[in-house]
Amino acid sequence: SATEKGGWDSFMNKEIHEDPAAVGNTLLGRFNTSGDIVLDEVRIDEDVFRSIDKIIVVACGTASYAGLVAKYAIEHWVRIPVEVELAHEFRYRDPILTPRTLVVAISQSGETMDTLMALRHAREQGSRVLAICNTQGASIPRESDAVLYTHAGPEIAVASTKAFVAQITAAYLLGLYLAQVKGTMYRDEIHQILDQLKAMPEKIEWVLQTQSDSVHEAAKRMIDAHSFLFLGRHVGYPVALEGALKLKEIAYTFTEGFAAGELKHGPIALVDEGEPVVVIVPSARGRDSLHNKVISGIEEVKARGAFTIVVAEEGDPDAERYADVVLWRPVCPTLLSPLVDVVPLQLFAMDMAMLKGYDVDKPRNLAKSVTVE
Ligand code: G6P
């Protein structure tokens, strides 16, 4: 009913606008007075965390892309390998699991059967399992050794939105906590990132307040497109995958998300006149040349007639050069940028579906949680 939707026209719209709160609430209560991370609730000894030498994230769908973001952040901060595996593939390939492996099962519902079976397998092999879950007391947290709850609140729309940003936030907390107990980063450095993380809800809010019109404009112009390409690099890569999935799920459009560096190894063959290409551009402030590489990717597709929708940092001097539409991201650290970059893509999928007259909350053929293998 309209009351349940709190005045919004759909649950999805309501839930996208709850992205800032989902991040903020997931951070709440996870620090002591000195500003260090306390994860007492997870009930795994610090000694055990200290001994972890590998992480394997198991998840499905949107949750698996949160895992991919976690890989970039945790490997950088903690210097241990992080693998991300689709839960349904994991169990059937004889994965290498030891007591020093931490398996992280990410699931909004906590009831996804593929993920549940994967974690059971990991525990049978003697690894510890930590669940990142949005649903208190669900099967996945119940069967895990530990749980770090996301506090996104109930997610009703089938396509996941606020739960995704909350999962990423929880994964950052886990990574920074590991860095804290393992001593792989200076305390000041961890505190600085935590402060930047605490500033993210406001930045997401800014995107919602200021970028929705441009998103809507892009959707209107691309309403008749039959397919979309999404590309990103580094942490922009999982964002591209998630943007592509959202559009697939609710607007029923063929999409492919891929790493921008792969463009020349295949996908560019798909680009001709009018093909919409969505590109996540990394900050130009970094030391590396990723920004320029992604910009030249945009130039390549533009030269072949693509319609380009570009997500770029405010003030990026190159963003507008080959862009038909620019969606701005506020300045933030690269590793945290998925929290803001996914927001316009969530809005975009919703706008496309609405313009086509589809039910954005209940897309055809999909279930909110898939409780069969
Ligand atoms: C279903 C939903 C997706 C979701 C996936 C994983 O396929 O339609 O939106 O990402 O399951 O769900 P989970 O509850 O485990 O996060």
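Residues numbered from 1 in each chain as written. Predicted model: local features only at pLDDT ≥ 70, side-chain atom pairs only at ≥ 80, totals over all residues.

Under an unreviewed UniProt entry, the name given to the protein chain is Glutamine--fructose-6-phosphate aminotransferase [isomerizing], and the source organism is Bifidobacterium tsurumiense. Looking at the Catalytic activity (unreviewed entry) heading of the UniProt record, one finds this comment for the protein chain: "D-fructose 6-phosphate + L-glutamine = D-glucosamine 6-phosphate + L-glutamate". What UniProt states about the protein chain under its Function (unreviewed entry) heading is, verbatim, "Catalyzes the first step in hexosamine metabolism, converting fructose-6P into glucosamine-6P using glutamine as a nitrogen source." (UniProt positions renumbered as here; feature names shortened; annotations may be inferred.)

Novice: Any chance you could explain the overall build of the protein chain here in plain terms?
Specialist: A tally of helices and strands in the protein chain yields 13 helices and 10 strands. Against the compact-globule benchmark of 21 Å for 373 residues, the protein chain has a radius of gyration of 20 Å, which places it among compact chains. In terms of its C-alpha atoms, the protein chain occupies a principal-axis envelope of roughly 55 × 50 × 40 Å. Scored against the burial criterion, the 373 residues of the protein chain give a buried share of 53%. Long-range pairs, those at least 24 residues apart, make up 73% of the contacts in the protein chain with a sequence separation of at least 6. (Helix = DSSP H or I, 4+ residues; strand = E, 2+ residues; numbered from the N terminus. Rg over C-alpha atoms; globule rule 2.2 N^0.38 Å. Buried ≥ 20, exposed ≤ 12 C-beta atoms within 10 Å, placed from the backbone. Contact = placed C-beta atoms within 7 Å.)

Novice: When you look at the site of the ligand in this model, what are you seeing that I'm missing?
Specialist: The full set close to the ligand counts 15 residues, and Gly 61, Ser 107, Gln 108, Ser 109 and Thr 112 are the nearest of them. Per-element accounting of the shell around the ligand gives the leading share, three residues, to helix α4 (residues 61-78). Broken down by class, the residue content of the shell around the ligand amounts to six nonpolar, nine polar and no charged. (Near = placed C-beta within 6 Å. Nonpolar A, V, L, I, M, F, W, Y, C, P; charged D, E, K, R; others polar.)

Novice: Is there a simple way to think about the nonpolar core in this case?
Specialist: Side chains of nonpolar character tend, in soluble globular proteins, to be buried together. Within the largest apolar cluster, 129 residues are counted, with the highest numbers of intra-cluster contacts made by Val 57, Val 58, Ala 105, Ala 171, Leu 176, Val 279 and Val 310. Broken down by element, the residue count for this core peaks at 14 residues, all from helix α8 (residues 162-182). Not counting residues up to four positions away in its chain, the partners in contact with Val 310 are Val 279, Val 281, Ile 298, Ala 319, Ala 323, Val 326 and Leu 327. (Core = buried A, V, L, I, M, F, W, Y, C linked by C-beta atoms within 7 Å.)

Novice: Looking at this structure, I do not really get the sheet that holds strand β10 (residues 325-329). What am I missing?
Specialist: What the five strands build is an open sheet, ordered β7-β6-β8-β9-β10; its pairing is parallel. In this open sheet, the two edge strands, each paired with only one partner strand, are β7 (254-259) and β10. Averaged over neighbouring strand pairs, the angle between their axes works out to 15 degrees when direction is ignored. Of the strands in this sheet, β8 (276-280), β9 (307-313) and β10 touch helix α13 (residues 338-355), which is tilted by about 145 degrees from β10. (Pairing = 2+ DSSP bridges. Axes fitted to C-alpha atoms, helices over the stretch in contact; angles between N-to-C directions.)

Novice: Help me out: how do you make sense of the packing of α4 against helix α11 (residues 236-251) in this one?
Specialist: When two helices pack together, their arrangement is given by the angle between the helix axes and by the axis-to-axis distance. Where α4 contacts α11, the two axes come as close as 9 Å, and the packing angle between them is 170 degrees. In terms of orientation, α4 lies roughly antiparallel with respect to α11. Considering only the axes of α4 and α11, their crossing is left-handed. Residues Gly 61, Thr 62, Tyr 65, Leu 68 and Val 69 of α4 lie in contact with α11, whose contacting residues are Pro 238, Leu 241, Glu 242 and Leu 245. Looking at side-chain class alone, the contact of α4 with α11 contains six nonpolar, two polar and one charged residues. (Parallel < 35°, antiparallel > 145°, perpendicular 65-115°, else oblique. Left-handed = near helix turned anticlockwise from the far one by under 90°.)

Novice: I keep staring at the confidence of the model for the protein chain and nothing clicks. Help me out?
Specialist: Low pLDDT means the predicted coordinates in that region are not meant to be read closely. Per-chain confidence: the protein chain averages 95 in pLDDT, with 99% of residues scoring 70 or above. As a predicted assembly, this complex carries a pTM of 0.97 together with an ipTM value of 0.94. (pLDDT = per-residue confidence, 0-100.)

Novice: Explain the environment of Asp 53 here, please?
Specialist: By secondary structure assignment, the location of Asp 53 is in the loop between α3 (46-51) and β1 (54-59). For the pair Asp 53 and Ala 323, spaced 270 residues apart in sequence, the C-alpha separation works out to 43 Å. If we skip the residues at most four places from it in the chain, Asp 53 touches Ile 80 and Arg 100.

Novice: Mind showing me how you'd approach the pairing of strand β4 (residues 128-133) here?
Specialist: On a regular strand, each side chain points to the face opposite its neighbour's, so the side chains alternate between the two faces of the sheet. Most of β4 sits out of view: six of its six residues are buried. Judged by which residues are buried, β4 turns out to be covered on both faces: Arg 128, Leu 130 and Ile 132 on one side and Val 129, Ala 131 and Cys 133 on the other are all buried. Both strand β3 (residues 101-107) and β4 contribute to a ladder of six bridges, which runs parallel. Bridge assignment links Val 104 to a residue of β4, and that residue is Leu 130.

Novice: Just to check I follow, could you spell out α13 for this structure?
Specialist: It helps to recall that an α-helix has 3.6 residues per turn; residues three or four apart then point in one direction. The terminal C-alpha atoms of α13, which comprises 18 residues, lie 26 Å apart, in line with the 26 Å expected from a rise of 1.5 Å per residue. With respect to burial, α13 is a largely interior element, 16 of its 18 residues being buried. (Expected span 1.5 Å × (residues − 1).)

Novice: What should I look at first to understand α8 in this one?
Specialist: With 21 residues, α8 should reach 30 Å at 1.5 Å per residue; the first-to-last C-alpha distance of 30 Å fits that figure. Counting buried residues in α8 gives 19 out of 21 residues, a clear majority hidden from the surface. Positioned one or two residues after α8, Gly 183 has a phi angle of 70 degrees, which is positive.

Novice: Any chance you could explain the packing of α8 against α13 here in plain terms?
Specialist: At a closest axis distance of 10 Å, the pairing of α8 and α13 adopts a crossing angle of 170 degrees. With respect to α13, the axis of α8 lies roughly antiparallel. The residues of α13 that touch α8, namely those facing Phe 164, Val 165 and Ile 168, are Pro 338, Leu 339 and Val 342. Across the contact of α8 with α13, the residue classes break down as six nonpolar, no polar and no charged.

Novice: Explain the sheet that holds β1 to me, please; I cannot follow it from the model alone.
Specialist: Hydrogen bonding along the main chain pairs the strands of a sheet, whether they run parallel or antiparallel. In spatial order, the strands read β2-β1-β3-β4-β5; together these five strands make up an open sheet with parallel pairing. Two strands close off the open sheet at either side, each with one partner strand: β2 (82-86) and β5 (146-149). For this sheet, the mean angle separating the axes of adjacent strands, direction not counted, is 20 degrees. Bridging between β1 and β3 involves five bridges; their strand directions are parallel.

Novice: I keep staring at unusual backbone geometry and nothing clicks. Help me out?
Specialist: Note: most residues except glycine have negative phi, and most peptide bonds are trans. Of note, the phi angle at Arg 79 is positive, near 60 degrees, even though the residue is not glycine. Secondary-structure assignment places Arg 79 in the loop between α4 and β2.

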